[in-house]
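Chain and residue survey
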Amino acid sequence: MNVPGICAVIGSGTMGPGIAALLARHGADVRLNDISREALDRAESACTAAAGALDQLGTPVTEGGSVSFELDAAAALDSAELVIEAVPEEIGLKRRVLEQIEAAVGTDVVIATNTSGIPISDMAAAMEHPQRLIGMHWSNPPHLIPMIEVIRGERTDSAVETATVAIVEALGYKAVMEKEVPGFVENRVLYAIMRECLSLLEQGVATQEDIDTCVKWGIGYKLAVIGPMRLLDMAGLDIYSSVSGYLNPDLSDEKGISPMVTKLTEQNRLGMKTGDGMYPYAEGEVAAKRTDILRGLVTVRKALSEITPV
Ligand SMILES: NC(=O)c1ccc[n+]([C@@H]2O[C@H](COP(=O)([O-])OP(=O)(O)OC[C@H]3O[C@@H](n4cnc5c(N)ncnc54)[C@H](O)[C@@H]3O)[C@@H](O)[C@H]2O)c1
Ligand SMILES: Cc1ncc(C=O)c(C(=O)O)c1O
């Protein structure tokens, strides 16, 4: 299975451009759609930056690929063989967009949603042909993180899952097939980590910088090589039993949103997108941080690929 010749990506914000750039790298004619002209204008430079990162990674170029930027959804969807939805994480909006997509493509076209964790069945409920909706959860940045969670809804055809896994693998990525639980695997683990980190920050146990240092070097570095299940065997399940016996009851069980994040959000301090969030950013610092992050991800992925082929 190759990457489909014509792909449409609906939603061109944080995720859409990187997804489009990777599909185009593998020879697809990609139509990137958004309701915002400004978003599409930003997308052109984002796609160029993503292509540059793929150059640094040494990802081969399959001839014939392209990305076009379409304000007209019908034009973006025309003759599409694969549609990836990447609009904001709001189920009502996603259902409306899926309805629009369904009306514009053939009943055999795979429609994939990049939802971070809304159960696929919930999104498919309003669809005329729910059997072709599949979860295709990319991780940010999508052109560099070589793992995509593939999640079936209750009514998703197995052939759609098979085709989606084949596309993921044709991109040179790992496909992880999962049952649909809110947040799937990646975000359940990530949000458990973030909940605990925010709790530690709110309690004054450590600063943002020290929490990031501890997690990057004490956990991220290790888990990139070992994986948590293997680490259990390495540490010893007896050790895990002893520690979790007293520690699990003490971990954060916050069921709501972190009070600190709520306060920052109310102040429109959203992070890099507003120049202030968990960290303040001086003039030009966001761009510099983004460049450093992309360079770091490319370097680590190259090193990791030498010991753990993607
Ligand atoms: N940001 C992340 O780290 C990340 C990672 C993985 C998955 N996701 C998921 O991917 C999806 C998109 O996330 P994002 O961070 O790219 O969001 P975003 O808000 O950055 O971008 C969404 C884009 O969709 C556009 N849009 C809104 N309504 C639309 C419509 N009707 N038709 C076409 N475009 C429309 C917006 O103008 C915006 O440009 C969400 O479901 C999110 O949970 C996000
Ligand atoms: C904070 C956060 N939330 C969701 C996702 C993915 O769905 C990510 C990510 O991919 O990195 C994230 O960082």
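According to UniProt, the comment filed for the chain under the heading Pathway (unreviewed entry) is "Lipid metabolism; butanoate metabolism." Listed in UniProt under the heading Sequence similarities (unreviewed entry), the comment for the chain reads: "Belongs to the 3-hydroxyacyl-CoA dehydrogenase family."

Points about the sheet that holds strand S3 (residues 66–70)
Backbone hydrogen bonds hold the strands of a sheet together, and the pairing may be parallel or antiparallel. As summarised here, the arrangement of the eight strands in space is S3-S2-S1-S4-S5-S6-S7-S8, forming an open sheet in which the pairing is mixed. Each edge of the open sheet carries a strand with a single partner, namely S3 and strand S8 (174–178). Taken pair by pair, the neighbouring strands of this sheet meet at an average axis angle of 25°, ignoring direction. Pairing analysis gives five bridges linking strand S1 (residues 6–10) to strand S2 (residues 29–33), with the strands arranged parallel.

Thoughts on the UniProt feature "domain: 3-hydroxyacyl-CoA dehydrogenase C-terminal" (unreviewed entry) in the chain
The UniProt entry lists residues 183–281 under the feature "domain: 3-hydroxyacyl-CoA dehydrogenase C-terminal" (unreviewed entry), expressed in the numbering used here. Helix makes up 63% of residues 183–281 and strand makes up 0%, while its end C-alpha atoms are separated by 30 Å.

Some words on helix H12 (residues 285–307)
Over its 23 residues, H12 runs 33 Å from end to end, which matches the ideal 33 Å to within 8%, given 1.5 Å per residue. For H12, the full list of buried residues reads Val286, Val298 and Arg301. Along its buried surface, H12 packs onto helix H2 (37–57).

Definitions and cut-offs
Sequence positions are assigned chain by chain, starting from 1 and proceeding in written order. Chains and ligands are labelled by the order in which they are written, letters from A for the one and numbers from 1 for the other. Where totals are concerned, whole chains, interfaces and linings use all residues; where local detail is concerned, this predicted model gives features only for residues with pLDDT of at least 70, and gives and counts side-chain atom pairs only at 80 or more. Side-chain calculation: all heavy atoms of the structure are included, whereas hydrogens and water are not. UniProt positions are given in the numbering used here, feature names are shortened, and annotations may be inferred rather than shown by experiment. We call two strands paired when DSSP finds no fewer than two bridges between them. Secondary structure counts use DSSP, requiring at least four H or I residues in a row for a helix and at least two E residues in a row for a strand, with both numbered from the N terminus. Geometry is summarised by axes, namely lines fitted to C-alpha atoms with helices restricted to the contacting stretch, and by angles between N-to-C directions that run from 0 to 180 degrees. One less than the residue count of a helix, multiplied by 1.5 Å, gives the span that helix is expected to have. Relative accessibility thresholds used throughout: buried, under 20% of the residue-type maximum; exposed, over 50%; partly exposed, between the two (1.4 Å probe, protein chains only). In what follows, a contact means two residues having at least one pair of non-hydrogen atoms within 4.5 Å.

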